[in-house]
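# Summary of the model geometry
If you want the building blocks of each chain, they are given just below.
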Amino acid sequence: MRSPLAPWVLAASVVVGAACKGPSAVPRTSGAGVAAPVRAKGWVNARYEITFDAATGGRDPDDVVIDARFTAPSGKVTTVGGFPSRGHFKVRYTPREPGLHRWSIRAGEDAREVERGELDVAPGTSRGFVRVDPRHRHRLEYEDGTTAVILGENRINVYDPTWNYESADARSYIERMAAYGMSTIRVFILADCESEAVSGGYQIGCLERAPGRFDERTAEAFDTIFDAAEAVNLDVVLVAYSIGFTPAPETWRSWDDNPYSAARGGPARSPKDFFVNPELRAHAIRKLRYISDRWGASPRLLAIDLVNEPEWDGPIPESAWMPWAKEMSKAWRSFDPYGHLVTAGPVGLHWNLDGDERPWYASPLNDTVQWHLYGKEVYDPHALGDAMTRKVR
């Protein structure tokens, strides 16, 4: 994340991602405070994680500046941020080409180098990231040319075993999905930060408990989801904002439990204000940056889904959420070096408040169309496809 603080590094390690386990390296620390260069081996499209220690200078770890720069053999430079984790800091990176990748981590306003190293990357077996097929715009494909078939579950809080079949943990549930032939899971990051069902009110799934403050327990739950997804080649659609914009007396998706609500000490006067107030959009962009830094390096992140069903959770009208979504999409693309798909999950053209979603559907800032159609039509996919095609056109 970004801040005016310059951390100093004590030691670092590099670990190959969960999908392709391999060697790690722990360097010696030099007397000057910058560790000797880290060297490791790995594979194309396998996620790497660099862990290092840094002084916070009394600042919150979420405010520490981390800027990592990776130079590929071709000369292409990839820049990513980092994040705090269990008293340390981490940077994640996925190499896209074989050969020697050199990296440097800089911190603080003076961009002082605090860590450097090399990755010797061999060709791998990963299918790569998901893309829109440029020859057939209604088709998704992996970078190796394989068609990406989307078949799975909207398993919104798979990190909570009490909601899972047979109370399975997230890793077991994802492994079972893959064993049944599914390819995709859609998961929510919750905006409602208080559980009425749990003693003490802790809500697993709420990543941002106060503006700019990210919950490590929930973040690690999402780490587990991506580790499991990479191990079984299951793609993840990650919803950045969901469940938490509906005023009282609602309790399950309560605006009063949203960290941006004035009732909770936040800066937004109303649910709509969160979407239309330009001053608040910087907060939303910061959260997206954290998501990109922490999970964007995973090839199994199929898409970032900006918001779920705003017409029902709020309700937030199209005139409010669509301009917000376009700005969030621009921001995401500015710091996502891997080109993940961007989408949003409105209810659809059968349920509108002040216009409809067609401007968003047609926008180049939107990569895939979602329509959350409930009812008997869902069970006839051909009729559903025909209805969607008629209405979108």
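Here, every reference points to the structure presented above.
Basis of the calculations
- Residues numbered from 1 in each chain as written.
- Predicted model: local features only at pLDDT ≥ 70, side-chain atom pairs only at ≥ 80, totals over all residues.
- Heavy atoms only, no water.
- Helix = DSSP H or I, 4+ residues; strand = E, 2+ residues; numbered from the N terminus.
- Buried < 20%, exposed > 50% of the residue type's maximum accessible area, 1.4 Å probe, protein only.
- Polar contact = N/O pair within 3.5 Å; in protein donor to acceptor, adjacent residues only side chain to side chain.
- Pairing = 2+ DSSP bridges.
- Axes fitted to C-alpha atoms, helices over the stretch in contact; angles between N-to-C directions.
- Arc of directions from axis to C-beta.
- Contact = heavy atoms within 4.5 Å.
- Parallel < 35°, antiparallel > 145°, perpendicular 65-115°, else oblique.
- Left-handed = near helix turned anticlockwise from the far one by under 90°.
- Disulfide = S-S within 2.5 Å.
- Phe/Tyr/Trp six-rings, centres within 6.5 Å; stacked < 30°, edge-to-face > 60°.
- Lys NZ or Arg CZ within 6 Å of the ring centre and 35° of its normal.
- Salt bridge = Lys/Arg side-chain N within 4 Å of Asp/Glu carboxyl O.

### Side note on the side chain of aspartate 273
Structurally, aspartate 273 can be placed in helix α3 (residues 271-276). For aspartate 273, a relative accessible area of 5% translates into the label buried. Looking at aspartate 273, its side chain comes within polar contact range of the main-chain nitrogen of arginine 269, at 3.0 Å.

### So, the sheet that holds strand β13 (residues 184-190)
Across the sheet, 5 strands lie side by side as β12-β13-β16-β17-β18; this open sheet has parallel pairing. Only two strands of the sheet have a single partner each, and these edge strands are β12 (152-153) and β18 (341-345). Judged from the 5 bridges that link them, strand β16 (residues 235-242) and strand β17 (residues 301-308) form a sheet pairing that is parallel. Within β17, the residue paired with tyrosine 241 across the bridge is valine 307.

### Regarding the sheet that holds strand β2 (residues 38-43)
Spatially, 5 strands are ordered β2-β9-β8-β4-β5 in an open sheet, and the strand pairing comes out mixed. The open sheet has two free edges, formed respectively by β2 and β5 (77-81), since each of these has just one partner strand. Here the average twist between neighbouring strands, direction ignored, is 25°.

### Some details on unusual backbone geometry
Between alanine 248 and proline 249 the backbone carries a cis peptide bond, its omega angle lying at 10°. Note on placement: proline 249 falls in the loop between β16 and α3. A cis amide bond links glycine 314 with the next residue in sequence, proline 315, at an omega value of -5°. Positionally, proline 315 belongs in the loop between β17 and α5 (318-335). Positioned with a positive phi, asparagine 45 is a non-glycine residue whose angle comes to about 60°. Its relative accessible area of 12% is what places asparagine 45 among the buried residues.

### Let's talk about helix α1 (residues 170-179)
Residue pairs spaced three or four apart in an α-helix point in one direction, given the helix's 3.6 residues per turn. Along α1, the residues that are buried comprise Ala170, Tyr173, Ile174 and Met177. All buried residues of α1 project into a common sector of 95° when viewed along the axis, lining one side. Buried residues along α1 sit in contact with β12, β13 and α2 (216-232). For α1, the capping residue at the N-terminal end is aspartate 169, with a side-chain oxygen 3.1 Å from the backbone nitrogen of arginine 171.

### A closer look at the pairing of strand β9 (residues 112-122)
For β2 and β9, the ladder comprises 6 bridges, and the chain directions are parallel. From the neighbouring strand, arginine 39 faces β9, where its bridge partner is glutamate 118.

### Details of the packing of helix α4 (residues 278-295) against α5
It is at 10 Å that the axes of α4 and α5 come closest, and there the two elements cross at 40°. The angle between α4 and α5 places the two elements in the oblique class. Viewed along their axes, α4 and α5 form a crossing whose handedness is right-handed. Residue-level contacts link Arg281, Ala284, Ile285, Leu288, Arg289, Ile291 and Ser292 of α4 to Pro323, Trp324, Glu327, Met328, Ala331, Trp332 and Phe335 of α5.

### Some details on the packing of α2 against α4
In the contact formed by α2 and α4, the axes pass within 11 Å of each other and the chain directions differ by 45°. With respect to each other, α2 and α4 are oriented oblique. For the crossing formed where α2 meets α4, the hand is right-handed. On the side of α2, the interface is formed by Glu216, Ala219, Glu220, Phe222, Asp223 and Phe226, while α4 contributes Tyr290, Arg294 and Trp295.

### Considerations on the state of the cysteines
Taken as a whole and judged by the stated rule, the model has 1 disulfide. Disulfide pairing places cysteine 193 opposite cysteine 206 at an S-S distance of 1.8 Å. With cysteine 193 in the loop between β13 and β14 (208-210) and cysteine 206 in the loop between β13 and β14, this residue pair connects regions lying 13 residues apart in the sequence.

### A closer look at the packing of aromatic side chains
Applying the stated criterion to the full structure yields 23 aromatic pairs. One aromatic cluster is present, built from ring pairs that chain together Phe83, Tyr159, Phe214, Phe222, Phe226, Tyr290 and Trp295. Over the face of the ring belonging to tyrosine 142 we find arginine 127, whose NZ or CZ atom lies 4.0 Å from the ring centre.

### Brief notes about the pairing of strand β4 (residues 67-71)
Of the two faces of β4, only one is covered, namely that formed by Ala68 and Phe70; the face formed by Asp67, Arg69 and Thr71 stays uncovered. With 5 bridges joining them, β4 and β5 adopt antiparallel strand pairing. Paired with threonine 71 across the strands is valine 77, a residue of β5. The turn joining β4 and β5, which pair antiparallel and follow one another in sequence, is formed by 5 residues; a positive phi near 100° is taken by glycine 75. The pairing of β4 with strand β8 (residues 99-107) spans 5 bridges and is classified as antiparallel.

### Re the pattern of salt bridges
One pass over the full model with this rule turns up 32 salt bridges. In this structure, arginine 139 engages aspartate 133 in a salt bridge whose closest nitrogen and oxygen atoms are separated by 2.4 Å. According to the relative accessible area criterion, aspartate 133 is buried, its value standing at 0%. Residues participating in the shared-partner salt-bridge network are Glu49, Lys90, Arg92, Glu216, Asp223 and Arg294.

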